[in-house]
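Notes for the structure review
Below, each chain spelled out in residue letters.
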Amino acid sequence: QVQLVESGGGLVQAGDSLRLSCAASVRTNRDYAMAWFRQAPGEEREFVAAFRWSHDYTYYADSVKGRFTVSRDSAKNTMYLQMNSLKLEDTAVYYCATGRPILSALQLASAYNYWGQGTQVTVSS
C-alpha cells in the first residue's frame with residue numbers, strides 16, 4: 001500500500017508561481033510511474049504530467065508545457081510540480097498518483113492505483 005501526500009497549494013495571482021510536493025510513504029519499484037492530475041469544479045480529472053522512475057523523460061499536457069516542470073527526488077520518494085506563469089484556468093484541485101500504467105496509458109487517471117488527497121490551487125486575476 002502506497003500513501004501519497006500533496007502539499008504546497010494556495011491562492012496566487014495570475015502570473016505567479018507555485019510549487020507542489022508529493023511524498024510517497026514507501027519507495028516504489030522503478031517500473032512505477034508518478035503523475036500529476038488536476039480537477040476543476042464540474043470538470044473531469046485532467047492529466048498534467050507524468051514520468052516513470054526508470055526513465056528520465058517527463059510527459060506534459062499541452063496546456064502546461066513550457067510553464068510547469070516536474071522534478072523528482074528518489075532518495076525522498078518525492079516529486080515536485082513547479083508551476084510558473086499561472087493562469088486563471090489552472091485553478092483546480094491537484095492530485096498526485098502512482099501506479100504501473102503501460103506507456104500508452106500514462107495520461108489516463110484510471111491507470112493509477114494510488115492517489116493523494118489533493119491540494120487546492122486557486123489563481124486569481
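It should be noted that the structure appears before, not after, this text.
Conventions adopted
- Residues numbered from 1 in each chain as written.
- Predicted model: local features only at pLDDT ≥ 70, side-chain atom pairs only at ≥ 80, totals over all residues.
- Heavy atoms only, no water.
- Phe/Tyr/Trp six-rings, centres within 6.5 Å; stacked < 30°, edge-to-face > 60°.
- Helix = DSSP H or I, 4+ residues; strand = E, 2+ residues; numbered from the N terminus.
- Buried < 20%, exposed > 50% of the residue type's maximum accessible area, 1.4 Å probe, protein only.
- Disulfide = S-S within 2.5 Å.
- Salt bridge = Lys/Arg side-chain N within 4 Å of Asp/Glu carboxyl O.
- Pairing = 2+ DSSP bridges.
- Axes fitted to C-alpha atoms, helices over the stretch in contact; angles between N-to-C directions.

1. Points about the packing of aromatic side chains
Scanning all chains against the criterion turns up seven aromatic pairs. Their ring planes at 75 degrees and their centres at 5.5 Å tell us that Phe37 and Tyr112 sit as a pair that is edge-to-face. Here Phe37, found in strand E4 (residues 33-39), pairs with Tyr112, found in the loop between strand E9 (92-99) and strand E10 (114-115); they are 75 residues apart in sequence, far enough to count as distant. With a relative accessible area of 5%, Tyr112 lands in the buried category. A centroid spacing of 6.4 Å and a plane angle of 80 degrees characterise the contact between Tyr95 and Trp115, whose relative ring orientation is edge-to-face. Here Tyr95, found in strand E9, pairs with Trp115, found in strand E10; they are 20 residues apart in sequence, far enough to count as distant. Using a relative accessible area of 14% as the deciding quantity, one classes Tyr95 as buried. Among the aromatic residues, those joined into a cluster by ring pairs are Phe37, Phe47, Tyr95, Tyr112 and Trp115.

2. Here we look at the state of the cysteines
The full count for this structure, using the stated rule, is one disulfide. Each disulfide pairs two cysteine sulfurs, and for Cys22 the partner residue is Cys96, the sulfurs being separated by 2.1 Å. Of note, the bridge from Cys22 to Cys96 carries an S-S torsion of about 65 degrees and is right-handed in sense. Of this pair, Cys22 sits in strand E3 (residues 18-24) while Cys96 sits in strand E9, placing them 74 residues apart in sequence. A relative accessible area of 0% places Cys22 in the buried class. Overall, the relative accessible area of 0% leaves Cys96 in the buried class.

3. Quick word on the pattern of salt bridges
According to the stated counting rule, one finds five salt bridges in the structure shown. In this structure, Asp62 and Lys65 form a salt bridge, with 3.2 Å as the shortest nitrogen-oxygen distance. Linking Arg67 and Asp90 is a salt bridge whose minimum nitrogen-to-oxygen distance equals 2.7 Å. Here Asp90 lies in the loop between strand E8 (78-83) and E9 and Arg67 lies in the loop between strand E6 (58-60) and strand E7 (68-73), a separation of 23 residues in the sequence. Each of Arg38, Glu46, Arg67 and Asp90 takes part in salt bridges that share partners, so that together they form one network.

4. Considerations on the sheet that holds E8
Pairing is antiparallel in the open sheet, where four strands are placed in the order E1-E3-E8-E7. The open sheet has two edge strands with one neighbour each: strand E1 (4-7) and E7. Put simply, the sheet's adjacent strands are angled 15 degrees from each other on average, direction ignored. Sheet analysis places E1 next to E3, joined by four bridges and oriented antiparallel. Directly across from Val5, in E3, lies its bridge partner Ala23.

Honestly, that's just the spatial picture; any functional story needs more than this.
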